[in-house]
Amino acid sequence: AQSVTQPDARVTVSEGASLQLRCKYSYSATPYLFWYVQYPRQGLQLLLKYYSGDPVVQGVNSFEAEFSKSNSSFHLQKASVHWSDSAVYFCALSLSNYNVLYFGSGTKLTVEP
Amino acid sequence: DMKVTQMPRYLIKRMGENVLLECGQDMSHETMYWYRQDPGLGLQLIYISYDVDSNSEGDIPKGYRVSRKKREHFSLILDSAKTNQTSVYFCASSPRDRNSDYTFGSGTRLLVI
């Protein structure tokens, strides 16, 4: 069975600092991987996705993520965070282009001034 | 404008009452989904609909049923609501050939008292 684990329920960083949100997956093959962001009282919005090829994928708002098959990970990174990045971030996987998304439990990011 | 619309945004019901959550999309997406979001659990799939009258159970279908009589409209029904169904419910849609390209609604916050 497939699963997604986000080990950090809450992360707090200072504005301007770098950020890494961790995501580990469990699946026998290489899944399709996604990061979504949820702002308060809103639905989820796609930040970036990985299907194959270059393990570093660029997303919206200067976010990027790096896929590691050896570590079964897909960590989200940003070089310099802004207060507006405060939100809940979800990692998700799909088994193919034709399957549903399975979500991790989410990481709440707080950016302090 | 491509969007998924959920109604109502907020709902308070008494235990044992019937609940109807409605979702519409204007993208002619074949596939639609209902998820619930609970703290620490991420999003859990309740039902998926592949098209009109073609619905399948997700991971947590117990206590819920769905109806899809038009492609653009997908309803979630709780017959005799229970307090443990208090949650935030998200609807999403995706095109059949890219099922992992979700568009999410803004959610319905349901409180069962």
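Residues numbered from 1 in each chain as written. Chains lettered and ligands numbered in written order. Predicted model: local features only at pLDDT ≥ 70, side-chain atom pairs only at ≥ 80, totals over all residues. Heavy atoms only, no water.

S.K.: Where do I start with the interface of chain B and chain A in this structure?
M.R.: It is common to give the size of an interface as the accessible area lost on bringing the parts into contact. The partner chain A presents 21 residues to the 24 residues of chain B that form the contact. Carbon and sulfur atoms supply 50% of the area that chain B and chain A bury against each other, a total of about 1,600 Å² over both sides. It is L43(B), S100(B) and F104(B) in chain B that bury the most area against chain A; as a group they hold 29% of the surface buried on that side. Summed over the shared surface of chain B and chain A, the result is zero salt bridges. Counting every contact that joins chain B to chain A gives four residue pairs in polar contact (both at pLDDT 80 or more). Where the side of chain B that touches chain A is concerned, the elements lending two or more residues are β4 (31–38) and β5 (42–51) of chain B. Considering every element that reaches the side of chain B that touches chain A, the biggest residue donor is β5(B), with four residues. Classifying every residue of the side of chain B that touches chain A gives 10 nonpolar, seven polar and seven charged. (Contact = heavy atoms within 4.5 Å. Buried area = accessible area lost by both parts, 1.4 Å probe. Salt bridge = Lys/Arg side-chain N within 4 Å of Asp/Glu carboxyl O. Polar contact = N/O pair within 3.5 Å; in protein donor to acceptor, adjacent residues only side chain to side chain. Helix = DSSP H or I, 4+ residues; strand = E, 2+ residues; numbered from the N terminus. Nonpolar A, V, L, I, M, F, W, Y, C, P; charged D, E, K, R; others polar.)

S.K.: Can you help me understand the layout of surface pockets in this one?
M.R.: The probe, sized like a water molecule, is rolled over the atoms to show the empty space still left. Empty space within the largest pocket amounts to approximately 650 Å³. Lining the largest pocket are 30 residues, and of these Q38(A), V88(A), F90(A), Q37(B) and P39(B) sit closest to its centre. Counting only elements with at least two residues in the lining of the largest pocket, the list comes to β10 (87–94) and β12 (107–112) of chain A together with β4, β9 (87–94) and β11 (108–112) of chain B. Of the residues in the lining of the largest pocket, the class split is 10 nonpolar, 14 polar and six charged. Size it by volume and the second largest pocket reaches roughly 240 Å³. (1 Å grid on protein atoms, 1.4 Å probe; cavity = no way out; pocket = protein on both sides within 12 Å on 5 of 7 lines; lining within 4 Å. Points joined across faces, edges and corners; volume = space filled by probe spheres on them.)

S.K.: Before we go on, may I ask you to explain the pattern of salt bridges in this structure?
M.R.: Between side chains of opposite charge, pairing is possible as soon as their charged atoms come close. One pass over the structure, following the stated rule, counts seven salt bridges over all chains. Between R22(A) and D8(A) there is a salt bridge; the shortest N-O distance is 2.9 Å. Taken together, the positions of R22(A) in the loop between β3 (19–21) and β4 (24–26) and D8(A) in the loop between β1 (3–5) and β2 (10–14) put the pair 14 residues apart, joining distant regions of the chain. Overall, the relative accessible area of 35% leaves R22(A) in the partly exposed class. Its salt-bridge partner being R96(B), residue D51(B) comes within 3.1 Å of it at the nearest N-O pair. In this pair, D51(B) is assigned in strand β5 and R96(B) in the loop between β9 and β10 (103–104), connecting sequence segments 45 residues apart. (Buried < 20%, exposed > 50% of the residue type's maximum accessible area, 1.4 Å probe, protein only.)

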